[in-house]
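# Close look at the chain arrangement
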Amino acid sequence: MDITVADLQKQFGGAAALRGISLAIRSGELMALLGPSGSGKTTLLRVIAGLEIPDGGRVLFGDIDATRIPVQQRQIGFVFQHYALFKHLTVSDNVAYGLRSRKREHRPSAADIRRRVTTLLDLVQLEGLERRFPAQLSGGQRQRVALARALAVEPRVLLLDEPFGALDAKVRKDLRHWLRDIHERTGQTTIFVTHDQDEALELADRVAILNEGSLEQVGTPGEIYDHPSSPFVMDFVGETARIPVTIHEGQAWYGGQPTGFCVKNQPNGPATLYVRPSDLELVSAGLQATVTSTRRHGQGSRTKVLVGERLFLEVDTPIPVDLKRSQTIHLAARGGRLFTTT
């Protein structure tokens, strides 16, 4: 099922939540809606689900205009952050609920429902837990039940609103891999909301980044991370520092010192250089800095330095490099992204 939103607009109390958003989700794609709180990502998901009616624009399911179709008729599977399971029902009955609630003429037989529930519990790796109640499950298991219940009704599209937000970091990471595996096995068109950039970049086929109700960029995780289209995207995705530089004859300078960042076809004048810790490297001569702290970071170390009186940067260094507090070092920006200051 292809999903297209065209020029969607939505206001709440005079405040714009969506500002003319247009986005195409391909059939079988896993699309992440990524952005900070208040960016409009959950509102967009709720409009697609039919839980909110837009003030302007359209929602298309394939070639069908679904903008005014009631939520009950959209064949949407929705997974919420806080599970929304029925506490008085067993795992099996929670999964079967949507099927048993159908009108008699559309309701599968009891045997078909049992087979469907068994298949889904096997898919989400909860076989053997059919008779347990939600209170007897872990948070990760409850979220799997919620997903199985959403899939039980064979939705045309699966929507997930911060599905792992209530879980601890270890469980979140495990469920990311599990959800990606489920998606590849089912081929379900899936849209999920998150404010966790690592989650979006690891899980999604493409990522749509929202900011204050507008769409900033849409692309693959690699395109979003390596080729951000705006200062907001560069600042939001990844650990980023901003260096106010001056461009002079193809070189970026800070405080009269060369940063090592070279540019082409860039006019002289002020600009902002965005760099990540991995973009900076130690050199024998370059941007002079003073080490303020260092700590272990993954397979290497992360060193915080002060350039001049006010600019703090972080740089990734290999473990054999032994840097001391107050030591003077020199850096060069071998990567990064330059945006002209207006």
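Details of the structure are given in the entry above.
## A closer look at the overall build of the protein chain
Each helix and strand in the protein chain was counted, giving eight helices and 19 strands. C-alpha extents for the protein chain along the principal axes are approximately 80 × 45 × 35 Å. Going through the 342 residues of the protein chain one by one, you find that 48% of them count as buried. Pairs at least 24 residues apart make up 65% of the contacts formed inside the protein chain by residues separated by at least 6 positions. Just so you have it, the protein chain exposes about 17000 Å², and 48% of that area is on carbon and sulfur atoms. When the 42 positive and 38 negative side-chain charges of the protein chain are each reduced to one mean point, those points stand 5 Å apart.

## Thoughts on unusual backbone geometry
Of note, the phi angle at glutamate 249 is positive, near 50°, even though the residue is not glycine. Locating glutamate 249 in the fold gives a position in the loop between strand E11 (241-248) and strand E12 (251-254). On the basis of relative accessibility, which here comes to 64%, the residue glutamate 249 falls in the exposed class. Unlike most non-glycine residues, serine 326 shows phi in positive territory, near 75°. Relative to the helices and strands, serine 326 is located in the loop between strand E17 (311-318) and strand E18 (328-333).

## Thoughts on the sheet that holds strand E5 (residues 64-65)
Spatially, E2-E1-E4-E5 is the arrangement adopted by the four strands of the open sheet, whose pairing is antiparallel. The open sheet has two free edges, formed respectively by strand E2 (15-25) and E5, since each of these has just one partner strand. Two elements, strand E1 (residues 3-12) and E2, share eight bridges in a ladder whose sense is antiparallel. When the bridges of E2 are listed, leucine 8 appears paired with isoleucine 21.

## Observations regarding the sheet that holds strand E16 (residues 300-307)
Ordered by their spatial adjacency, four strands build an open sheet running E17-E16-E15-E18, and the pairing between neighbours is antiparallel. Each end of this open sheet is capped by a strand with a single partner; those strands are E17 and E18. The average undirected angle you get between the axes of adjacent strands in this sheet is 55°. Bridging between E16 and E17 involves eight bridges; their strand directions are antiparallel. Following the sheet pairing, arginine 302 is matched in E17 by aspartate 316.

## Some words on helix H1 (residues 41-49)
Most of H1 sits inside the fold, with seven of its nine residues counted as buried. Along H1, the residues classified as buried are Lys41, Thr43, Leu44, Leu45, Val47, Ile48 and Ala49.

## A look at the packing of helix H2 (residues 91-100) against helix H4 (residues 139-152)
Interhelical geometry of H2 versus H4 gives an angle of 25° and a closest axis separation of 7 Å. When the axes of H2 and H4 are compared, the pair comes out roughly parallel. Viewed along their axes, H2 and H4 form a crossing whose handedness is right-handed. The segment H2 lies against H4, with Val91, Asn94, Val95 and Leu99 engaging Val145, Ala148, Arg149 and Ala152.

## Topic: the side chain of threonine 43
In this structure, threonine 43 sits in helix H1. By relative accessible area, which is 14% here, threonine 43 ends up buried. Every residue in contact with threonine 43, bar those within four places of it in the chain, is listed here: Lys10, Phe12, Ala17 and Leu18.

## Observations regarding the pairing of E16
A large share of E16 lies buried, amounting to six of its eight residues. Pairing between strand E15 (residues 280-297) and E16: seven bridges, direction antiparallel. If you follow serine 293 over to E16, its bridge partner there is lysine 304. Connecting E16 to the antiparallel partner E17 that follows it, the hairpin turn spans three residues, and glycine 308 within it adopts a positive phi of roughly 70°.

Procedures and definitions
- Residues numbered from 1 in each chain as written.
- Predicted model: local features only at pLDDT ≥ 70, side-chain atom pairs only at ≥ 80, totals over all residues.
- Heavy atoms only, no water.
- Helix = DSSP H or I, 4+ residues; strand = E, 2+ residues; numbered from the N terminus.
- Buried < 20%, exposed > 50% of the residue type's maximum accessible area, 1.4 Å probe, protein only.
- Contact = heavy atoms within 4.5 Å.
- Areas by Shrake-Rupley, 256 points an atom, 1.4 Å probe, with all protein chains shown as cover.
- Lys, Arg positive; Asp, Glu negative; His and termini not counted.
- Charge placed at Lys NZ, Arg CZ, Asp CG, Glu CD.
- Pairing = 2+ DSSP bridges.
- Axes fitted to C-alpha atoms, helices over the stretch in contact; angles between N-to-C directions.
- Parallel < 35°, antiparallel > 145°, perpendicular 65-115°, else oblique.
- Left-handed = near helix turned anticlockwise from the far one by under 90°.

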